[in-house]
Amino acid sequence: KRAGTNKKPGATPRTYVVREGDTLASISRKFYKSSGRWRKIRDANKGVIDDPAKLKPGMTLTIP
């Protein structure tokens, strides 16, 4: 078997479409039950998020 060909279930990155009023902290709370992990989401979306304080509805974020 080649390495990396048998992915574990759930290894696919999740995505989330930003809604009006969402913040990185609120999205973190949805996925991790903790608002403190928002930096992980920001870091995984460096090319998408210009300003973490100004998320735009409709943006698709990768949830690590």
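Residues numbered from 1 in each chain as written. Predicted model: local features only at pLDDT ≥ 70, side-chain atom pairs only at ≥ 80, totals over all residues. Heavy atoms only, no water.

As enumerated under the stated definition, the model contains four salt bridges in all. In this structure, Arg42 engages Asp43 in a salt bridge whose closest nitrogen and oxygen atoms are separated by 3.1 Å. On the accessibility criterion, Asp43 (38% relative accessible area) is partly exposed. Taking the shortest distance from any N to any O, the salt bridge between Asp43 and Lys46 comes out at 3.4 Å. For Lys46, a relative accessible area of 62% translates into the label exposed. (Salt bridge = Lys/Arg side-chain N within 4 Å of Asp/Glu carboxyl O. Buried < 20%, exposed > 50% of the residue type's maximum accessible area, 1.4 Å probe, protein only.)

Low pLDDT marks regions whose predicted coordinates should not be analysed in detail. Averaged over the protein chain, the pLDDT score is 87; the fraction of residues at 70 or greater is 83%. Low pLDDT, under 50, characterises residues 1–7; the predicted model gives this stretch one contact beyond four residues in sequence or across chains. (pLDDT = per-residue confidence, 0-100. Contact = heavy atoms within 4.5 Å.)

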